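Descriptive analysis of the structure
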Amino acid sequence: MPLVSCHFITSFVIDYCVACTMGGGGGGLKISQEAFDELVRENMEDLGMDPPEALQDAIQTLTIQGVDLSGIVQCIPGESSPNDHPVVQSLDRLRRLLDSDCNSNPDTAAAAAPPLASKSQELVALLDELTNLCATATDHASYSAIATKNGGIELLTSLCSQIAATPASGNHLLLVSALNALTSLLYDVQNAEIFLKNGGPDMIMGILDTSGQFSDVFNGCFSVISAAATGNEILKESFMNLKIEEYIIRLMKIHNKESIPSLYDAIRVLLTPDDNRVVASQVYGYARKFAEIGVSEALVQSLADGLSSPSLVSASVALKAVAVNDEICRSVADKGGIDSILRCINDSGKQGNKTVATACCSLLSKLAGSDVNKMTIVEKGGMERLMDLSKIFADDPPVLQEVMYLFSVLSLRSPDHATHAIEAGAGELAIQAMQKFPAAPQLQRNACLMVRNLVVRNPENRVILLNNGIEKIIRKARENHVSCKAAATDALRDMGIDNYS
């Protein structure tokens, strides 16, 4: 049955919709909880709809009108209330508990500094409940949005500041729970900007100053940093202005024997240009700052423990983010980084660890951007190790595509390396992988890139590959995958095929 109220958004509802231009997604309309409830109520009272139909109609009507319903508790007035939602109840209980502390002694100076430690266990339980609701819900964004619309970020940022300012027995675990809860709410740019407006970055840096010696506290802090700075150039800049790189290198030295994946993840986020609202990101300059104070060297040291380190993958991804120019890439090699990575690649094959294999090949591709490093990798038997790895993971497209991309980087502008690659078996690898996984677009594209670099300066390699049927395979990849079109066309052209287009 067609919906009948699509054109009946009342002036009352429209009055409550406000233009919203925050975030990278552009403008939109937001609606209050009261206005949403009123529309559902009108559907029932004025149009005679059954309650479930009235609710569904209101949702569809507003969606058609372009109204953002994030943070709205979608319930039927009279049967349930927004206050019945578990996230709203959790926040209300948290506020009441905090208010009871503040109001318990209003005529004393102690009222200005509520005795948080006295209710630490209750607060921890409530914070952990909120975290679980937002982080483990089937619709994570929906629950987090409801918490945000009900003042969750402001509440948690303030609470973290209070805890940090009143060190006492029991507050350590409370602070960790508060940081975890805050992290669960920072899932998009708009929420991160609420965090910024409420002094979030300064609060985090203050906690690192006073409690950074506790690994669970600084892990919580860096989880907040990662969540807030993802896709947000303003937050990245804010943390950099507060000298976050100095805290990072200091903590890396203090905790160099511990697992610190949240710190490594924060490095990756701070150095990733992922904010589509800005034309020119500043992260490359930040990466140079990180390298100058020794972060890249510390990351190389963290690779030395190999697969026994639980943070190996995180450290590899972080080092890849730092290695933004030739100088940094060469310094990584000078500190033994290439030796460590090749050893990890070897061991990942022996242990069947495809996650480590993929991460280490990806990192080595970045370091091979330096011509000096390319020579070092090849001289140390890197191509032979890659072929051994490809045989072990012959049924795993993500590993194979990283191996082939690394071959393409090693062969770029280097005829000698291209010859070496063919002798090692890279040509057969491309043919077999492309035939075996025709539906894997990134693998097909990386194979085309590799083939192009193998033949562009090596006519003898063209003959070898063409005689083994590579032309037909590449044409098929171009037909099947839009993402392969440019790479496949370039490969066909550089093999000397006349009708390459």
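Basis of the calculations
- Residues numbered from 1 in each chain as written.
- Predicted model: local features only at pLDDT ≥ 70, side-chain atom pairs only at ≥ 80, totals over all residues.
- Heavy atoms only, no water.
- Helix = DSSP H or I, 4+ residues; strand = E, 2+ residues; numbered from the N terminus.
- Buried < 20%, exposed > 50% of the residue type's maximum accessible area, 1.4 Å probe, protein only.
- Areas by Shrake-Rupley, 256 points an atom, 1.4 Å probe, with all protein chains shown as cover.
- Axes fitted to C-alpha atoms, helices over the stretch in contact; angles between N-to-C directions.
- Parallel < 35°, antiparallel > 145°, perpendicular 65-115°, else oblique.
- Left-handed = near helix turned anticlockwise from the far one by under 90°.
- Contact = heavy atoms within 4.5 Å.
- Nonpolar A, V, L, I, M, F, W, Y, C, P; charged D, E, K, R; others polar.
- pLDDT = per-residue confidence, 0-100.
- Expected span 1.5 Å × (residues − 1).
- Salt bridge = Lys/Arg side-chain N within 4 Å of Asp/Glu carboxyl O.
- Core = buried A, V, L, I, M, F, W, Y, C linked by side-chain atoms within 4.5 Å.

1. Observations regarding the overall build of the protein chain
Per the secondary structure count, the protein chain includes 29 helices and three strands. Expressed as a percentage of the 501 residues in the protein chain, the buried residues total 50%. Here the protein chain has roughly 22300 Å² of accessible surface; of this, 51% comes from carbon and sulfur atoms.

2. Examining the packing of helix α16 (residues 295-303) against helix α17 (residues 312-322)
Look at α16 against α17: their axes get within 9 Å of each other, and the N-to-C directions meet at 150 degrees. The angle between α16 and α17 places the two elements in the roughly antiparallel class. Note on packing geometry: the crossing formed by α16 with α17 is left-handed. Contacts between α16 and α17 involve V295, S296, L299, V300, S302 and L303 on the former and, on the latter, L312, A315, S316, A318, L319 and V322. Counted by class, the contact of α16 with α17 contains nine nonpolar, three polar and no charged residues.

3. As for the confidence of the model for the protein chain
Residues at a pLDDT of 70 or more form 90% of the protein chain, whose mean pLDDT is 89. A low-confidence stretch, residues 18-27 (pLDDT under 50), is modelled with 21 contacts involving residues beyond four sequence positions or located in other chains. In this model residues 106-113 is a low-confidence stretch, pLDDT under 50, and it forms five contacts with partners more than four residues away in sequence or in other chains.

4. Here we look at the packing of helix α19 (residues 337-351) against helix α20 (residues 354-367)
α20 packs onto α19 with a crossing angle of 150 degrees between their chain directions and a minimal axis gap of 9 Å. Regarding the angle of α19 to α20, the classification is roughly antiparallel. Here the hand of the crossing between α19 and α20 comes out left-handed. Where α19 approaches α20, its residues I338, I341, L342, C344, I345 and S348 are matched on the opposing element by V356, A357, C360, C361, L363, L364 and L367. Residues belonging to the contact of α19 with α20 are distributed by class as follows: twelve nonpolar, one polar and no charged.

5. Some points on helix α23 (residues 397-411)
Taking 1.5 Å of rise per residue, 15 residues should cover 21 Å, and α23 covers 21 Å from first to last C-alpha, within 8% of that figure. Residues V399, L400, Q401, E402, V403, M404, L406, F407, S408, V409, L410 and S411 constitute the buried set of α23. For α23, the secondary structure elements touched by its buried residues are α20, α21 (371-379), α22 (382-392), α24 (415-424), α25 (426-436) and α26 (441-455). R413 occupies a position one or two residues after α23 and carries a positive phi of about 55 degrees.

6. A few points about the pattern of salt bridges
This structure, assessed with the given rule, holds 19 salt bridges. Among the ionic pairs, R93 bridges to E129, the shortest N-O distance being 2.3 Å. Of the two residues, R93 sits in helix α4 (residues 86-103) while E129 sits in helix α5 (residues 120-136), which places them 36 residues apart along the sequence. Residue classification places E129 among the partly exposed residues on the basis of a relative accessible area of 31%. Across the pair K236 and D274 runs a salt bridge whose closest N-O atoms are separated by 3.0 Å. You can see K236 sitting in helix α12 (residues 233-241) and its partner D274 sitting in the loop between α14 (261-270) and α15 (283-292), a full 38 residues away along the chain. For K236, a relative accessible area of 0% corresponds to the buried category. Overlapping salt bridges bring together R452, D490, R493 and D494 as one network.

7. A closer look at the nonpolar core
Most often, soluble globular proteins keep nonpolar side chains buried together rather than apart. By size, the foremost hydrophobic cluster in this structure holds 143 residues, and its most contacted members are F195, I244 and I267. A per-element tally of this core places helix α11 (residues 215-229) first, with nine residues. Not counting residues within four places of it along the chain, the set of residues in contact with I267 comprises I248, M252, F290, V295, A318 and V322. The next biggest cluster of nonpolar side chains, apart from the first, holds 16 residues, and it includes I31, M44, A54 and I72.

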